[in-house]
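Okay, here's what each chain looks like letter by letter:
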Amino acid sequence: MPASDLSTRTRYEPAEVEPEIVERWLSSGAYETPPADPSRPDQETFSIAIPPPNVTGVLHMGHALNGSIQDSLIRLNRMRGKRTKWILGTDHAGIATQTQVEKKLAREGRSREELGREGFTVETQAWRKEYGGKIIEQFKRIGASCDYSGERFTMDDGYVRAVQKVFIDLFEQGLIYRDHYMVNWDPGSGSAISDLEVEEQEGVEDVLYSIAYPFADGDGEIVVATVRPETMFGDVAVAVNPEDERYASAIGREVELPLSGGRTIPVIADDHVKVDFGSGALKITPGHDPNDFEIGRRHSLPAPSAIGEDGRMTELAGEFAGLPTEDAKTAVVEALRASGALRAEDPYVHTVPFSQRSGKRIEPLISLQWFMKMDELAKPAIEAVTDGRVTIHPPVQSRRYVDWLSEIRPWCVSRQLWWGHQLPVYYRGDSQDPTETYVGIEPPEGEGWTRDEDVMDTWFSSGLWPFATLGWPDETDDLKDFYPTSVLSTARDILHLWVARMVMLGLRFGGDVPFEDVYIHSVIQAPDGRRMSKSLGTGIDPLDVINGGPRPPVFKQGGDFPAYGADAVRFGLLAISTTQDVRFSEDKVQQGQQLANKLFNATRFVLLQLEERGLGDIAAEPRPRTDADRWILSRLERVARQTAESLDGFEFAKASLGLYDFVYGELCDWFVELAKPRLRDGDEETQRDLAATLLFAIDKTLRIAHPVIPFVTEELWSHLPGDERGLLVSASWPERDDDAVDEAAEAGIAELIETVTAVRGWRERVGVKPSAILPARLRASLGEEREASLRSLARIDLVTGSGDAVATVTSGGVVVDFFADDNIDLEAAEKKKAAERDRIEGEIKRISGKLSNANFVERAPEAVVQVERDKLAVLEEQLAAL
RNA sequence: GGGCCUAUAGCUCAGUUGGUUAGAGUGCUCGCUUGACAUGCGAGAGGUCACAAGUUCGAGUCUUGUUAGGCCCA
């Protein structure tokens, strides 16, 4: 595209170009993993398996952040010439999807039960085809350069095969078994759910009931406190702390369970019981409380169920059997009160688990489920992190990982749902009889085998993600080339439930760790620090920020976002992604937008200037003639290194803000400004060399900035001269160029910048109009180039006269005298001079004080002392100059 | 109850191993159509680095305690 297309576009409008650029990238095939090149056997690979979003999902801020993070890494490494693969796909998300489809059926007056399992699955597949995959389109919009041609789904045919094989293998290895165990029962979905899907709600108001359990021998009683009196039928003991003197004599005696026909239970001692809570005696109900379950196991007590999976009381509850738990609670309290056993009712506020899916209160209960034994899998997974085969960033997170794996409990992998991977398990006759249980893909020979209705926990299938997506269990080339993957980037909350399981299963089945680096990214909160949530009005849709949708209520100013564009959102998210929890910052997005606009205009300026001078198709190459040229080439080299280093080190804020600082604070504010006079007034050869260098600087900047802000850089790339450029997405990362680093030029220009800034500040203070050109004199020559730069940037006219100066400006070792001029407010100049003198004298006092401190001079390193001495010398010179 | 993190400008955040006068963006004030950009340019004000003690020649940085906020586990 010729540069003249840019002539009338004074603003960069992301909304106008970004969608078209997405199409360009997609149709170019640049995103797709290239086939292995036989001529480059040593070609490095770089791969990331995306955390598969729920197939029902829509893009939220977390996706946008993680997409930006992963994409910057993928783009950087693709440009480096590595063979990259960004594995893309979606998760079938058992409960979430089933719930959505059931809601839809309910709206249509239909139900899951009416359709039957097969019909429901067909319905869900159809639903997925229609609504699923929306998030994939959204990923394209933010510029995520995933390999869309290889999209996977955790329930596609190949994946199903992998999941079934892992389940069957683990069963055969004795690591998967069926057992009675405590699960998080969600009465809403009628299924056991994982810890992840449980939400602890603080501040729930309950009533704490104190109930008297009389001793069986009729001598006295023990009072226990509970918020769940209806579970008392499942009590198997009363526990007290062994240190608690009040109950020393009670240990070993029997108490009678009220309302239970005289059933007695023992009083036991356990450290877990808190002496100062309630009466200090705890009723033990292993069937309905996770802590009690543990205590029960320690004391080899049974774990009877007083509540069934239907949420109703069991036979154990005697006269209350069949009642829903809420009704049973009321009835039991009433009966206890009538019998005189109820001693107190106190309000009690505590934390209670709820189902995230159904919103119902979790009913912990014992159920016959399929479990995975974790100890044997956890050990190598801990070692992989402690010996560094997997590195977790930031390091503090690796402790959480190790701690969790060290205390890991069996994992309940079965779920009572229809949408998911159905267990490859068949029963005949009594399903509780292990000899009539068969685990395999097909039922065994013979009559009467029926398949287990349950499906696997969604995290079971996600645990295989890094290798199942690469073709496992087949020994594919992809698996050979891209496993282990390079990086996994994900949110903190699934470190245990997903990351740890991938490591365990990857080691067991993939034959190696699933990834080398794990990056745990920030959690993005609403601007006011609350959790982002649609229902709270704190949720911000990234696409609204990109395309200009309405601001959610959490923004006080209301109105619509301007269409910031995807680059701005990517930049803004990366720029805040530093500490653990960060607040969404529209300011930072705006900063990204400004960066894009700045880059656009700087490039536009250069291209239009060159075209005007007939230099439009000159080749971009470094042709330094001045310190300014050497300086920008040196700075470019350093920024290229620093950007790559920051991205490699997962310091995304440093990378993005570093780019901003360079483009604004060096390339545009200084280099382009320094180039203007030479471009205007230089001879033809000067102009040609400068044109080549300017183009080179733009070219290199676009490459360096591409991983963070791919759209505007790609757009500008298309306007640069040269037909063979291709797309920036496929261009190469700048090769390391040690010769470009030039310390002398950097120091020289730094001094120039300091002088210009000092003169500008002085002018402002003494009321000089910005347009006025002031006569001035340098005490010492700075050389032709820098004096010319100083003239144009500080708007002064350097003269050689020896008249009296009315004012003097010093910065570093440079001293500028100014002569009388109508533009100078002499009174202000005097004031400014006095203030400056005060400042310098203060500094001198401080430093000489430091230097006359014998302790400092003797004990501080010589270099530090020398720095202070040099400083003092410069200050004294400056004072003398005034 | 156990463990961890955070506290720096009005706001959002940087600040490597202790070593210039603690920085940026944004907001605020003042000035400017300066040969790309008003989504611009230039300048300026604004901080007892939560509080207290300690280590050190020297502490935003290290140690201990206090306070406040957050997270994880039980």
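Just above, that's the structure.
Given the structure is predicted, the values throughout are model-derived calculations rather than measurements. (Residues numbered from 1 in each chain as written. Chains lettered and ligands numbered in written order. Predicted model: local features only at pLDDT ≥ 70, side-chain atom pairs only at ≥ 80, totals over all residues. Heavy atoms only, no water.)

**Here we look at helix α4 (residues 112-131)**
No. 1: End to end, α4 covers just 19 Å across 20 residues, shorter than the expected 28 Å (1.5 Å per residue, more than 12% under).
No. 2: The axis of α4 is deflected most strongly, by about 85 degrees, at Glu118.
No. 3: Every buried residue of α4 is listed here: Arg112, Gly116, Arg117, Phe120, Glu123, Thr124 and Trp127.
No. 4: Close packing links the buried residues of α4 with α3 (94-107) and β21 (455-456).
No. 5: Positioned one or two residues after α4, Gly133 has a phi angle of 80 degrees, which is positive. (Helix = DSSP H or I, 4+ residues; strand = E, 2+ residues; numbered from the N terminus. Expected span 1.5 Å × (residues − 1). Bend = angle between axes of the 7 residues up to and from the residue. Buried < 20%, exposed > 50% of the residue type's maximum accessible area, 1.4 Å probe, protein only. Contact = heavy atoms within 4.5 Å.)

**What about the packing of aromatic side chains?**
No. 1: Counted according to the given criterion, the structure contains 24 aromatic pairs.
No. 2: Ring plane angle 55 degrees and centroid distance 6.0 Å describe the contact between Phe167 and Phe460, whose orientation is recorded as tilted. Taken as a pair, Phe167 in helix α6 (residues 157-172) and Phe460 in helix α11 (residues 458-462) lie far apart in primary sequence, 293 residues in all. Taken individually, Phe167 and Phe460 each receive the classification buried, so the pair is uniform in this respect.
No. 3: Taking the centre distance of 5.7 Å and the plane angle of 75 degrees together, the rings of Trp472 and Phe509 count as edge-to-face. Placement of the pair is Trp472 in the loop between α12 (465-468) and α13 (477-482) and Phe509 in helix α14 (residues 495-510), with a sequence separation of 37 residues.
No. 4: Judged by its relative accessible area of 8%, Trp472 falls in the buried class.
No. 5: Exposure remark for Phe509: the relative accessible area of 11% places this residue in the buried category.
No. 6: Ring pairing ties together the aromatic residues Phe167, Phe171, Trp370, Trp411 and Phe460, which thus form one cluster. (Phe/Tyr/Trp six-rings, centres within 6.5 Å; stacked < 30°, edge-to-face > 60°.)

**Comments concerning the sheet that holds strand β9 (residues 237-240)**
No. 1: Pairing within the open sheet is mixed, and its four strands lie in the order β10-β11-β9-β12. Two strands bound the open sheet, and with one partner strand each, they are β10 (254-256) and β12 (281-284). If you compare each strand with its neighbour and ignore which way they point, the axes differ by 35 degrees on average.
No. 2: Bridge count between β9 and β12: four bridges; the pairing is antiparallel. What sits directly across from Val240, in β12, is Ala281.
No. 3: Relative to β12, helix α7 (residues 290-298) is tilted by about 85 degrees, and along the sheet it contacts β11 (264-269) and β12. (Pairing = 2+ DSSP bridges. Axes fitted to C-alpha atoms, helices over the stretch in contact; angles between N-to-C directions.)

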